Amino acid sequence: MTKNFKTLPVYILLSVLSLPLVIMYAYLVIDTFTVTTPGSLVPGPFTLHNWRFLWEPAKPGQASIWAATLNTFLFAGGTMLIVLMTSATAGYALSRLRMPMRSFMLAGLIMLHAFPTVTLIISVFLILQIIGLYDTLIGVILVRAALDLPLGVWIMKGFYDNVPWEIEMAGVQDGASRFTVWWRLILPQIQPGLAALGIFSFLQAWSEFILPQVLAPGANAQVLSVYMQAVVKSETQMDFTLFKTIGLFYTLPVVVIYLIFNKKLMNIYGGGTKG
Amino acid sequence: MRILIDNFTKTFGTTTVIRDMTLDIESGEMLALLGPSGCGKSTTLFAVCGIHRMNGGRLLFGDRDVTTVSSQDRNVGVVFQNYALYPHMNVFENISFPLKIRKESKADIDAKVREMAKLVHIEDLMERKPAQLSGGQQQRVALARALIRKPDVLLLDEPLANLDAKLRLEMRSEIRRIQQETGITAILVTHDQVEAMSMCDRIAIMNKGQIVQLSSPSEMYNEPASAFVAGFMGNPPISFLDGTVEGSSLRLDQSSIVLPLPESSRPASPASRVKLGVRPEYFQPENPDKVEGKISFIEIQGRETLYDVTLENGAVLRSIQSSGPLHKLGDTVRWGVDHSRVLAFDESGARL
Amino acid sequence: MRRSHLLGLGFMTPAILLTLALFIIPVVLTGVFSFTNMSTSTGITGGAYEINPRSIRLMKDAGLREGLIGDLEENLYKIDAAGLAQVEKDFGKKLAEEMKGAYDGQTFKDRRELVRAIKDLKSRPRSSRDLNKAADLFQKSILNVRYDDESAFLNGLGNLGITLQDGEQAELTRFAYTGWVWTTENFSNMAAMPSTYRAAFNTVLYIAFTLTFNIVFGVFLAVATFYLPSAAASTFRTIWFLPRILPHVLYVILWKWFTWDTGFLSQVLEPFGVAPRNWMMDTEINAWVSIVLINGFVGASLGMILFSSAIKAIPSSMLYASEVDGASRLQQVRYIILPQLRWPIMFTSIYQTLSLLTSFDYIYLATDGGPGSSTTVWALYAFKTALNNYGGNLQYGFGAALALVLVGIGILASVLYLRLFDFKSMNAAPRIEQ
Ligand SMILES: Nc1ncnc2c1ncn2[C@@H]1O[C@H](COP(=O)(O)OP(=O)(O)OP(=O)(O)O)[C@@H](O)[C@H]1O
Ligand SMILES: [Mg+2]
């Protein structure tokens, strides 16, 4: 809109400010596929040599990248499922059902929504140690899901709030139980919300570092972020090309998912600002 | 099926919205609940269908007390103002949903849906999603869905409010036809008195959570029980003149105009305050009891012309005349009131 | 109880359980742990009683009686049934019986003394190696012996003939106890340590700069992309949104590549005569700029998205009208757009203040709080104290005390945050009364 204003200065300013990011993205891709000479920014010839960690056996003491990839999928997927299931039900209950202590739960939800969660990591660490879920995927999945939950319930409640009451009333009049109404009539209406929340929590968990690093650092439960950090720590020289290649491999799924689903994902933002 | 709402009271938190309301609807009757916005029409409807619980009173369907029966078990069909069709289902699935919930056989469902579709004239739309339907078509689907499981009672909450004027006329008679063909007891909620009069056997006028009058449309129009009802019925609306009783006549406030009181009404005590209601069709040039005033507004409605006449004390009388516009704005006219058709009310608004 | 109550509570149950287990209980336990001295060495479950070199050192530091400490360090040799049984197994019945007859119940101060005593016996072993071995079977020491409870520990002391003077027992068991104990020391330590104040100062600095950057940049991005055609706008938005979803580890690696001495900046500047250096860690200022940029480039995108949708919600007639009135672009931004952003800016500020207060992963990955501890914010300080310290002894209790401060601030801020919402209308009763 507003064609009346010149856009050139805006372009220039935005481009200059975006330059560092663009350079980083560009060299992230370029360096992993070319021979890099130290001290030179000019890309060398094409090579797949940097990607050898994918097919070479893991170095002693390091987990295999494929195991870490599988773990990351389990971690992100598990988190997503738990967040979706618990948010879809709790969001509905808070939006639509009469129940005891409803307003207490609503207030608690808003407060938890803003509550800074990382502060809890120390006691969560100790709790997992005590109940024996330390260094297991299931433990870190549960923690990640619990931390995502307030946002998830909040978002889902927002979507439920926007479904007309009349649809629900019509369902009840048609003889359906509240559960059937939810399952057959209301859930189909909030699919955009489920999609957005699912993508969001998947991406969030996929990129997560601190939680798995602290709660599940062992080789069996290692996810890609912990794997990558271990590689970074174990190299005496900063071999940026290696790091970037692992990083590109690690980040590829999120970028693909983002590029495909970004419209859907954006539904999530805005849910938070409704007051 | 006869519906009896007996001493119904409804409160939200601390505010009582409806107090001790009693309403008896005969079997096969179509009753209009008419009233201004916020008077409690929807609340009553929700109580009948079980979405709201009653805080006091009873609800009987026939002889069955359904006061505490859940919506699902009441067998009431509802058509909502925005139709509330299930957006992710096509027309067939929408209509058949109540039957599916009842786990009827596929063949039964198919047959019943076809039959119902024929009744409401939507046989060709079965594969469409609600978003691909016009307002009138959505309305028919909603009606079909409400009727498919042969409910004892049909409730319609402002079913025509979202339609354009032409469709509204068409659906009015459609709904009435379907109601009569099925013989179902129906309650229609509306705040359009024309709708209420043209569609229903009886009208219940509500105000502030109370039923103020329950009668047939013509009686409601001709013999309103109060100034409120008189003001509510009729379009263009009735005009009111305030005055004080002098013998068998009424002297209008701050003026020399004296009008005879209608003979049919109870005698008013001397010197008491009375409000006269004059419908536009009974303020005409040829009537005997002349009143002088200035034309302050003219609305040409095509077949008829509506005049507002401002009297010397500032009160306004409305007149509707079938002849073309013979007068200009600002003309002084002397038209007469048909005092046999004038309605008199006391200070509290009750009919004399 | 009505049916919908049951359904509602059933629907809430998974969420409630999960929040309870991993949200509410941790909050409470953070408080509990902060009043303990839990650490790697105390363990987190109960402890045992043991005198070991560390407790000896602590006792010496605390000035316990020299004689007692000497006794504890001493190796004693005591002839008892268990030792004799072992002798019978290793050296034959004869020696065992002879020793029992001669020395049963006696105590020897060191091995030499016992060996000399054994030498007096007829059936003594021949080699001195065997003699030593036999003597060792009677060696008794309290050192490094774990006792599960206090009475067993005191029993052990008594068996060795270590006598305690008045009042020493309590002190000794305290030093011998290896588990954690209740204490308020964490808080007094916190108040006394200069690193606490440094961390607090850093946190304020970090929040102030990063938040300002986030908001200003978020507004700028939202407004700038608003004036661009949609293809260009969405390209720029994607560029700026990606940091938000990139894995944190990779994102920070990219910054390191950009700023370190073998990285991009140094290589670009080299031809201009600027010596390569680590632009991220070179000085405190550099480290701070890096931290703010690294966090800000991620944080700005949240503002960008929220503000963009707020700007989109402005009726376009309003914008056209202002253009017709001859407003310049800056005037349009100043008088039409910015006023519309007031609420989103307030919301974003509070929300981000809270998350900045406790986020430390980018700092941890980028500068690790350095150089020195110049970029160590409170959350990182707590994290390092409790979960990631190079000394090896993780101080869970102290870390929890540090975290408790943040938890307290978090709870206060969440209450404020709740005030921002129109809670009454949100709390309106559901319309189906079943
Ligand atoms: N859930 C509720 N909580 C509190 N008050 C309510 C609630 N629902 C309705 N009311 C109040 O009850 C009164 C009657 O409302 P109702 O919806 O029945 O009016 P109505 O006659 O249907 O009006 P309209 O023609 O505008 O639909 C109104 O004053 C309304 O504010
Ligand atoms: Mg209504």
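Residues numbered from 1 in each chain as written. Chains lettered and ligands numbered in written order. Predicted model: local features only at pLDDT ≥ 70, side-chain atom pairs only at ≥ 80, totals over all residues. Heavy atoms only, no water.

Chain B goes by Carbohydrate ABC transporter ATP-binding protein, CUT1 family in an unreviewed UniProt entry, where it is assigned to Roseibium suaedae. What the UniProt record of chain B gives under Sequence similarities (unreviewed entry) is the line "Belongs to the ABC transporter superfamily." The record held by UniProt for chain B lists under Subcellular location (unreviewed entry) the comment "Cell inner membrane". (UniProt positions renumbered as here; feature names shortened; annotations may be inferred.)

Going by what an unreviewed UniProt entry lists, chain A is known as Maltose/maltodextrin transport system permease protein MalG and is assigned to Roseibium suaedae. What UniProt states about chain A under its Subcellular location (unreviewed entry) heading is, verbatim, "Cell membrane".

Considering the overall build of chain B
Tallying secondary structure elements over chain B gives 8 helices and 20 strands in all. Expressed as lengths along the three principal axes of its C-alpha atoms, the size of chain B is roughly 75 × 45 × 35 Å. Contacts in chain B between residues far apart in sequence, at least 24 positions, make up 66% of those at least 6 positions apart. A total of about 15,200 Å² of accessible surface is found on chain B, and carbon and sulfur atoms cover 49% of it. Placing the 41 positive and 44 negative side-chain charges of chain B at their respective mean positions leaves the two points 5 Å apart. (Helix = DSSP H or I, 4+ residues; strand = E, 2+ residues; numbered from the N terminus. Contact = heavy atoms within 4.5 Å. Areas by Shrake-Rupley, 256 points an atom, 1.4 Å probe, with all protein chains shown as cover. Lys, Arg positive; Asp, Glu negative; His and termini not counted. Charge placed at Lys NZ, Arg CZ, Asp CG, Glu CD.)

Concerning a positive patch on the surface
Residues R112, R116, K119, R124 and R126 of chain C make up a contiguous surface patch of positive charge. Here R112 of chain C lies in helix 6 (residues 111-119). (Patch = residues over 30% accessible without salt bridge, like charges linked within 9 Å, V, L, I, M, F, W, Y side chains within 5 Å. Salt bridge = Lys/Arg side-chain N within 4 Å of Asp/Glu carboxyl O.)

Here we look at the domain arrangement of chain A
Residue and element names in this part refer to chain A. When its domains are assigned, chain A resolves into domain 1 (2-47) and domain 2 (60-266). The centre of domain 1, based on its C-alpha atoms, is set 32 Å off from the matching centre of domain 2. Contacts between the two partners involve 7 residues from domain 1, matched on the other side by 4 residues from domain 2. The largest per-residue losses of area from domain 1 upon contact with domain 2 belong to L28, D31 and T32, which jointly make up 75% of the total buried on that side. Where domain 1 packs against domain 2, one counts 1 salt bridge. The salt bridge partner of D31 is K244, with a shortest N-O separation of 2.9 Å. When the residues that make up the side of domain 1 that touches domain 2 are grouped by side-chain class, the tally is 4 nonpolar, 2 polar and 1 charged. (Domains from an automatic or database assignment. Buried area = accessible area lost by both parts, 1.4 Å probe. Nonpolar A, V, L, I, M, F, W, Y, C, P; charged D, E, K, R; others polar.)

Details of the UniProt feature "domain: ABC transmembrane type-1" (unreviewed entry) in chain A
UniProt's feature table lists "domain: ABC transmembrane type-1" (unreviewed entry) at residues 69-261 of chain A, given in the numbering used throughout. Each end of residues 69-261 of chain A is marked by a C-alpha atom, and these two atoms are 21 Å apart; helix forms 78% of the span and strand 0%.

Describing the interface of chain B and chain A
Contacts between the two partners involve 22 residues from chain B, matched on the other side by 17 residues from chain A. Both sides together, the interface formed by chain B and chain A hides about 1,700 Å², and carbon and sulfur atoms give 63% of it. Across the contact surface, chain B and chain A share 2 salt bridges. With a closest N to O distance of 3.8 Å, D174 of chain A and R149 of chain B form a salt bridge. Of the residues forming the side of chain B that touches chain A, the biggest block, 4 residues, is contributed by helix 2 (residues 91-101) of chain B. The residue inventory of the side of chain B that touches chain A, partitioned by class, reads 14 nonpolar, 4 polar and 4 charged.

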